[in-house]
Amino acid sequence: MTAVGIDAIEIRTGKLKLDLPNTFAPEKGDDPAKYTKGLGLNNSSFPDVYEDIVTMGANAAKTLMDRKGLVPEDIGRIDVATESAFDHSKPVSTYIAGCLEQVYDGDFTHANKGERKFACVAGTQAIDDAYNWIRAGRNRGRAALVIATDTALYARGDPGEATQGAGAVAMLIDEDPSIVELSTHQGYGSKDETDFLKPNQQFPSVDGKRSMQVYLARMREALEDYQSVAGKVELDDFAYAPFHTPFPGMVRKAALLAYRHVIRDTSYEDDLAGEIGRQPREAEYDDREAFEEAIREYMDELKGTDQYQAWYADVVEPTLGLAREVGNWYTGSVHVARTSALRDLLERDGDGVGETLLVGSYGSGAQAEIHAETVCEGWQAEIEALDIDAQLAARYDLSWEEYEDVHDVHEYDKELDREIEEFTAPEAEFVFTGWGRMNERKYAYIA
Ligand code: COA
């Protein structure tokens with residue numbers, strides 16, 4: 001069977017940044033360590049006045065197409081995943097295609113376009129759709145462009161304000177991919193939940209603490225479902241485990257649970273038994289409460305063991321590098337985590353072909369999905385070509401007052417009593433230019 005997977009990736013960050021320990025924490029009266037150590041975040045990315053989900057997505061897509069030497073006719077699908085859409089009918093993919101058609105000779109007339117919604121898991125679902133389209137033989141030799149793009153803004157004063165972010169990840173899904181091959185096997189954990197939602201409102205209603213519990217529960221179900229088809233996951237099977245990263249502290253919690261689950265009844269559990277005992281088994285306890293208390297104690301001790309710490313440092317920590325600097329990108333977040341892992345692999349090991357990743361996506365509402373990916377020939381050139389370090393270094397560092405202005409500019413229903421100037425100068429990129437006669441958003445390419 002021909003391999004299908006991710007052939008190219010491009011990342012586009014919002015061009016502004018908010019420094020969490022130095023600018024946000026003092027205004028909130030918080031210890032900076034709450035952000036750097038607790039949540040695991042240094043900075044959040046924000047869109048400049050002329051940026052939005054369309055410009056970030058189109059700019060990422062254009063960079064990808066130019067680098068791969070693609071023309072519009074090479075693309076048979078454009079799927080956009082977002083939870084920041086501004087239109088209930090016209091999909092963001094049509095706006096992005098419209099932008100790209102301004103700069104290429106050809107057009108996307110015969111490309112199928114859509115928009116995927118299921119909170120942060122939608123980016124992975126859009127990859128699934130592309131995978132299935134190719135596997136079904138309907139692609140006519142063409143590739144699919146999947147774009148995960150979001151401005152993850154929360155209402156001012158909401159606890160989620162600390163975990164904001166903005167950016168886009170464009171991915172080319174194709175046969176014989178140059179980055180990773182996707183596994184056929186997948187596992188799902190899905191239930192009707194109300195942990196995070198936006199019922200006809202721009203900023204989310206979030207029960208942050210509940211969302212963390214739901215994330216862990218659905219991820220566990222997805223792992224069990226994955227194992228039911230792919231066989232037991234062994235600790236040494238995977239070089240990295242990129243997970244959805246609303247903030248790195250969330251992944252720290254998920255990783256500990258996953259580790260406990262995976263080492264149960266293995267030699268790794270036996271090796272730890274002398275130091276912290278074996279994992280509590282429910283049958284050994286009179287009631288659920290006593291069992292849960294014992295589990296909590298075991299987890300606290302497990303977290304401190306050298307064995308766990310070494311695994312975490314190798315397999316999980318490298319997936320969090322970019323997230324620490326950009327915050328939550330919702331649909332793009334797990335794809336940012338995969339990219340961080342591959343950047344680490346590049347530093348660690350020049351070869352890396354055949355290494356596998358266990359990828360865990362999550363969307364509130366709620367659904368988790370787990371699958372495996374195998375690193376393919378040619379991945380190094382794709383990852384080396386990323387210019388994300390230069391983009392991060394070039395971001396404009398917002399003062400508190402400027403941050404308040406930027407938040408206001410991007411709040412749809414806010415009547416502004418002042419003109420807010422752009423903070424950076426657009427160059428070789430798509431920009432938002434205003435509204436058209438039917439209230440559509442308009443874009444232009446600035447050379
Ligand atoms: N030093 C080190 N760690 C510190 C600290 C300090 N001085 N102060 C606080 N912390 C830790 C806390 O212990 C906590 O970590 P823990 O959960 O491991 O105990 C972490 O920092 C966060 O502190 P907390 O008080 O829980 O923060 P909060 O109540 O302000 O909100 C969230 C945190 C995550 C609930 C909130 O940011 C949120 O709702 N985010 C949005 C989440 C979301 O969008 N989910 C949906 C998509 S998955």
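- As recorded by an unreviewed UniProt entry, the protein carries the name Hydroxymethylglutaryl-CoA synthase and is attributed to Halorubrum vacuolatum.
- The protein has a UniProt comment under Sequence similarities (unreviewed entry) that states "Belongs to the thiolase-like superfamily. HMG-CoA synthase family."

1. Points about the overall build of the protein
Here is step 1: Looking only at helices and strands, the protein features 15 helices and 15 strands.
Here is step 2: A globule of 447 residues ought to have a C-alpha radius of gyration of about 22 Å, and the protein, at 22 Å, matches this closely.
Here is step 3: Along the longest, intermediate and shortest principal axes, the C-alpha atoms of the protein span 70 × 55 × 40 Å.
Here is step 4: By residue count, 57% of the 447 residues in the protein fall in the buried class.
Here is step 5: Taking as baseline every contact in the protein between residues at least 6 positions apart, the subset at least 24 positions apart corresponds to 78%.
Here is step 6: Accessible surface for the protein amounts to roughly 18800 Å². Of this, 45% is attributable to carbon and sulfur atoms.
Here is step 7: Positive and negative side-chain charges of the protein, numbering 45 and 85 respectively, have mean locations separated by a distance of 3 Å.

2. Some thoughts on the pairing of strand β4 (residues 75–81)
Here is step 1: With seven of its seven residues buried, β4 lies for the most part within the structure.
Here is step 2: Where β4 meets strand β6 (residues 143–152), six bridges bridge the pair, whose relative direction is parallel. The residue of β6 that forms the bridge with I78 is L145.
Here is step 3: Two strands pair when backbone bridges link them, and β4 and strand β5 (residues 112–116) are joined in this way by five bridges, in the parallel orientation. By the bridge assignment, I78 is partnered in β5 with K113.
Here is step 4: Traced from β4 through helix α4 (residues 92–103) to β5, the parallel crossover comes out right-handed.

3. With respect to the sheet that holds strand β13 (residues 396–397)
Two strands in a sheet stick together by hydrogen bonds in their backbones, pointing the same way (parallel) or opposite ways (antiparallel).
Here is step 1: The three strands lie next to each other as β3-β2-β13, forming an open sheet whose pairing is mixed. Sheet topology places β3 (43–46) and β13 at the edges, where each strand pairs with a single neighbour.
Here is step 2: Inspection of the sheet shows strand β2 (residues 16–19) paired to β13 by two bridges, in the parallel sense. Residue K17 lies in a different strand from β13, and its bridge partner there is D397.
Here is step 3: Seen against the sheet, helix α1 (residues 20–28) touches β2 and β3 and runs at an angle of roughly 60° to β2.

4. Structural notes on empty space enclosed by the protein
Here is step 1: Scanning the entire structure with this criterion turns up one cavity of 30 Å³ or more.
Here is step 2: What the largest cavity holds in volume is close to 90 Å³.
Here is step 3: Taken together, P47, E51, D52, I53, S84, F86, T151, Q202, H410, Y412 and R441 form the lining of the largest cavity.
Here is step 4: Class assignment of the residues belonging to the lining of the largest cavity gives a composition of four nonpolar, four polar and three charged.

5. Quick notes on the UniProt feature "domain: Hydroxymethylglutaryl-coenzyme A synthase N-terminal" (unreviewed entry) in the protein
Here is step 1: UniProt's entry tags residues 4–175 with the feature "domain: Hydroxymethylglutaryl-coenzyme A synthase N-terminal" (unreviewed entry), counted in the numbering of this structure.
Here is step 2: Secondary structure content for residues 4–175 is 34% helix and 30% strand, and the end C-alpha separation is 4 Å.

6. Brief notes about the site of the ligand
Here is step 1: Looking at the ligand, there are 21 residues lining it, with D31, K34, Y154, K209 and K253 nearest.
Here is step 2: Between the ligand and K34 there is a distance of 2.7 Å, counted from an oxygen atom to a side-chain nitrogen or oxygen.
Here is step 3: Separating an oxygen atom of the ligand from a side-chain N or O atom of K253 is a distance of 2.7 Å.
Here is step 4: Summarising the interface, the protein chains cover 71% of the accessible area of the ligand, which totals 960 Å² for the free molecule.
Here is step 5: When residues of the shell around the ligand are traced back to their parent elements, those giving at least two are α2 (33–39), α6 (208–230) and α7 (248–263).
Here is step 6: No other element matches α2, which puts five residues into the shell around the ligand.
Here is step 7: Its residues placed into classes, the shell around the ligand shows eight nonpolar, seven polar and six charged.

7. With respect to a negative patch on the surface
Here is step 1: A cluster of acidic residues, E73, D74, E101 and D107, forms a negative patch at the surface.
Here is step 2: Its location among the elements puts D107 in the loop between α4 and β5.
Here is step 3: D107 sits in the partly exposed class, given a relative accessible area of 36%.

8. A few points about the UniProt feature "domain: Hydroxymethylglutaryl-coenzyme A synthase C-terminal" (unreviewed entry) in the protein
Here is step 1: In the numbering used here, UniProt assigns the feature "domain: Hydroxymethylglutaryl-coenzyme A synthase C-terminal" (unreviewed entry) to residues 194–411.
Here is step 2: Taken end to end, residues 194–411 comprises 56% helix and 11% strand; its first and last C-alpha atoms sit 23 Å apart.

9. So, helix α10 (residues 306–316)
Counting along an α-helix, one turn takes 3.6 residues, and residues three or four places apart therefore face a common direction.
Here is step 1: Considered for burial, the residues of α10 that qualify are Y308, W311, Y312, V315 and V316. Projected down its long axis, α10 carries its buried residues within an arc of 100°, all on one side.
Here is step 2: Contacts from the buried residues of α10 go to α7 and α9 (288–304).

10. A short note on the sheet that holds strand β1 (residues 4–13)
Here is step 1: In space, the eight strands of this open sheet follow the order β5-β4-β6-β7-β1-β8-β12-β11, with mixed pairing throughout. The open sheet has two edge strands with one neighbour each: β5 and β11 (356–363). On average, adjacent strands in this sheet sit at an angle of 25° to one another, irrespective of strand direction.
Here is step 2: Here β11 runs beside strand β12 (residues 367–375); their pairing, made up of eight bridges, is antiparallel. Paired with G363 across the strands is Q367, a residue of β12.

11. Here's the deal with the packing of helix α8 (residues 267–276) against α9
Here is step 1: Their axes nearest at 11 Å, the elements α8 and α9 cross at an angle of 100°. What the angle tells us is that α8 and α9 run roughly perpendicular. The residues of α9 that touch α8, namely those facing E269, L272, E275 and I276, are Y298, E301 and L302.

Reading the values: rules and limits
Residues numbered from 1 in each chain as written. Predicted model: local features only at pLDDT ≥ 70, side-chain atom pairs only at ≥ 80, totals over all residues. Heavy atoms only, no water. UniProt positions renumbered as here; feature names shortened; annotations may be inferred. Helix = DSSP H or I, 4+ residues; strand = E, 2+ residues; numbered from the N terminus. Rg over C-alpha atoms; globule rule 2.2 N^0.38 Å. Buried < 20%, exposed > 50% of the residue type's maximum accessible area, 1.4 Å probe, protein only. Contact = heavy atoms within 4.5 Å. Areas by Shrake-Rupley, 256 points an atom, 1.4 Å probe, with all protein chains shown as cover. Lys, Arg positive; Asp, Glu negative; His and termini not counted. Charge placed at Lys NZ, Arg CZ, Asp CG, Glu CD. Pairing = 2+ DSSP bridges. Right-handed = clockwise from strand over helix to strand, strands pointing away. Axes fitted to C-alpha atoms, helices over the stretch in contact; angles between N-to-C directions. 1 Å grid on protein atoms, 1.4 Å probe; cavity = no way out; pocket = protein on both sides within 12 Å on 5 of 7 lines; lining within 4 Å. Points joined across faces, edges and corners; volume = space filled by probe spheres on them. Nonpolar A, V, L, I, M, F, W, Y, C, P; charged D, E, K, R; others polar. Near = heavy atom within 4 Å. Polar contact = N/O pair within 3.5 Å; in protein donor to acceptor, adjacent residues only side chain to side chain. Patch = residues over 30% accessible without salt bridge, like charges linked within 9 Å, V, L, I, M, F, W, Y side chains within 5 Å. Salt bridge = Lys/Arg side-chain N within 4 Å of Asp/Glu carboxyl O. Arc of directions from axis to C-beta. Parallel < 35°, antiparallel > 145°, perpendicular 65-115°, else oblique.

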